[in-house]
Amino acid sequence: MRRWMPARSFVFSCLRGQKLRCFSTVVNDVERVSVRNGSSGTVTIDLHNLAKVSSSDPLLVYLPPFSTAFTARPAQLPAFMQRQPTAVINYRWAGLTALKDEESREDEEDAHLSWPAPIHDVAKAYDWIVENLSPSTYTRRDIYLYGAYLGASLATSLALTETHPHARTGVRGCVAYNGIYNWTMFLPDHPVHKQQRRAASILEEILARPDDPAFRELRRHAEALFGRPENLFDPFASPCLFFHTPGLLVPPSFDTSAIPALLPPPLTPPLPDLSVLAAADETFAPAKQPRKSALVFPPRKSTLKIPEMLLLHSTPPPPPPSFLRRRRRRSKKQRHLGDSFAAQAEELAALARRSIDKVELKERSRWDDDLEGDWHGEAARRVRVADVGELGAGDGFAALGGGGEEMVKAWLEERIAPAR
């Protein structure tokens, strides 16, 4: 296995008691690599099970559910990864981190590590992985991404922007669990909140709210994670925005509207000049939200391709029986679209499938006469959505549960086994 010289900042951390050592696991040892990321510090990568595999074997890349950069112990791998060659990107993202242990580097956590620091860490770490873990020969190496919660948003953005099918080493697929793929829905101007304002009763309003505690937790930390409202509009944070414009104005804060409720009346000129009056009316006219428009993604001239994706979500705990009966009587149009992990996954899947049908296959149909028979249902095959069910009381925050583990394992085996 290759040996990498630790970065200077990592040597200094060793002097503070953070010794470079391997963390022993059931199957193999973990090697931690520190990569300098400009003036913002370093991002660490934990390498699992790489000593006994060929450099051309498929590689899994794991993005944990929250920042693990400030903990000394390597992140625990999901069960389906524990015997696979895996690289864990310990991205830095202040605002929602793992519980710190006694060996945590508390002095390194800083508020400036909110967005866009995590996507810069992920991009730098991915570049290092491609450069250093590619085969030494001209063979190929497939990379499969897995991320949960915050890591799911990062994993899908990385997959959508780094899937170049002809690259020798590159992303071939992505599994994401309980991700937020459009953070702008947490802003008060988003259409999902209009139904809440029109609720006929307090009970109807309660029924419309998301009842998943993890979903509510991510919404509650949105400001701490992103710092400024405009960061929610970054498509690398909200991957759905690769496929369409937000349809929203950027508000001044996370809890206020971009359109003021009261605006000053138009100024009346001393003379009845119609041109001046028209200009004044236009200047002081109430602002309107822009219309949401579809975007062409991937760009037609790029070599990007929509990757194979498995978008997983859990089922929230059921409400009381009386609430459940009332909720079942609500039509789909009354529900909050996008206000749950399931709806977020369905929205991203619909956009990705539309891109495959309307962009990729449409372009291919111009030169491939056999497209009709061979590619029917390609979009649904490539982008899947699955419910892992309700998590048990003993499952952790990021646990997939037994059903979810089996889904991911089967999905990976379909792609990794033929490659070997």
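Parameters at a glance
Residues numbered from 1 in each chain as written. Predicted model: local features only at pLDDT ≥ 70, side-chain atom pairs only at ≥ 80, totals over all residues. Heavy atoms only, no water. Helix = DSSP H or I, 4+ residues; strand = E, 2+ residues; numbered from the N terminus. Buried < 20%, exposed > 50% of the residue type's maximum accessible area, 1.4 Å probe, protein only. Contact = heavy atoms within 4.5 Å. Areas by Shrake-Rupley, 256 points an atom, 1.4 Å probe, with all protein chains shown as cover. Axes fitted to C-alpha atoms, helices over the stretch in contact; angles between N-to-C directions. Parallel < 35°, antiparallel > 145°, perpendicular 65-115°, else oblique. Left-handed = near helix turned anticlockwise from the far one by under 90°. Nonpolar A, V, L, I, M, F, W, Y, C, P; charged D, E, K, R; others polar. Pairing = 2+ DSSP bridges. Right-handed = clockwise from strand over helix to strand, strands pointing away. Salt bridge = Lys/Arg side-chain N within 4 Å of Asp/Glu carboxyl O. Phe/Tyr/Trp six-rings, centres within 6.5 Å; stacked < 30°, edge-to-face > 60°. Polar contact = N/O pair within 3.5 Å; in protein donor to acceptor, adjacent residues only side chain to side chain.

(A) Just the overall build of the protein, in detail. Along the backbone of the protein there are 13 helices and 9 strands. Out of the 420 residues belonging to the protein, those deemed buried represent 47%. Within the protein, residue pairs in contact and separated by at least 24 positions form 78% of the contacts whose partners lie at least 6 positions apart. Accessible area for the protein stands at about 21,900 Å²; split by element, carbon and sulfur atoms hold 55% of it.

(B) Layout of the packing of helix H2 (residues 117–132) against helix H3 (residues 150–162). As a packed pair, H2 and H3 sit with axes 11 Å apart at the nearest point and diverge in direction by 50°. Classified by the angle their axes make, H2 and H3 are oblique. Here the hand of the crossing between H2 and H3 comes out right-handed. Residues Pro118, Ile119, Val122 and Tyr126 of H2 form the contact with H3, whose participating residues are Leu154, Leu158 and Glu162. When its residues are assigned to classes, the contact of H2 with H3 shows 6 nonpolar, no polar and 1 charged.

(C) A look at the pairing of strand S6 (residues 141–148). Counted residue by residue, S6 has 8 buried out of 8 residues, so it is predominantly covered. Where burial is concerned, the two faces of S6 agree: the one with Arg141, Ile143, Leu145 and Gly147 and the one with Asp142, Tyr144, Tyr146 and Ala148 are both buried. Where strand S4 (residues 59–63) lies against S6, 5 bridges are found, and the strand directions are parallel. Note on S6: the bridge partner recorded for Tyr62 is Tyr146. Note that S6 and strand S7 (residues 169–177) share 8 bridges and pair parallel. What sits directly across from Tyr146, in S7, is Val175. The β-α-β motif built from S6, the intervening H3 and the parallel element S7 has right-handed crossover chirality.

(D) Structural context of the pattern of salt bridges. What the rule picks out here adds up to 12 salt bridges. Between Glu230 and Arg228 there is a salt bridge; the shortest N-O distance is 3.6 Å. By relative accessible area, Glu230 is classed as partly exposed at 35%. Through salt bridges that share partners, Glu308, Glu360, Glu378, Arg381, Arg382, Arg384, Glu414 and Arg415 make up one connected network.

(E) Expanded view of the packing of aromatic side chains. One pass over the full model with this rule turns up 16 aromatic pairs. Note on Tyr149 and Tyr177: the rings are 5.7 Å apart at their centroids and 80° apart in plane angle, and the pair reads as edge-to-face. Of this pair, Tyr149 sits in the loop between S6 and H3 while Tyr177 sits in strand S7, placing them 28 residues apart in sequence. Given a relative accessible area of 0%, Tyr177 falls into the buried group. Each ring, one from Phe236 and one from Phe242, has its centre 5.3 Å from the other, and the planes form 85°; the classification is edge-to-face. What makes Phe242 buried here is its relative accessible area of 10%. Connected via pairs of aromatic rings, a cluster forms that spans Tyr91, Trp93, Trp115, Tyr149, Tyr177, Trp183, Phe186, Phe215, Phe226 and Phe341.

(F) The side chain of Thr169, seen in detail. With respect to the helices and strands, Thr169 occurs in strand S7. When its relative accessible area of 10% is taken as the criterion, Thr169 is described as buried. At 3.0 Å, the side chain of Thr169 and the side chain of Ser134 are in polar contact. Ignoring any residue separated from it by four or fewer positions in sequence, one finds Thr169 in contact with Tyr126, Val130, Ser134, Pro135, Arg141 and Ile143.

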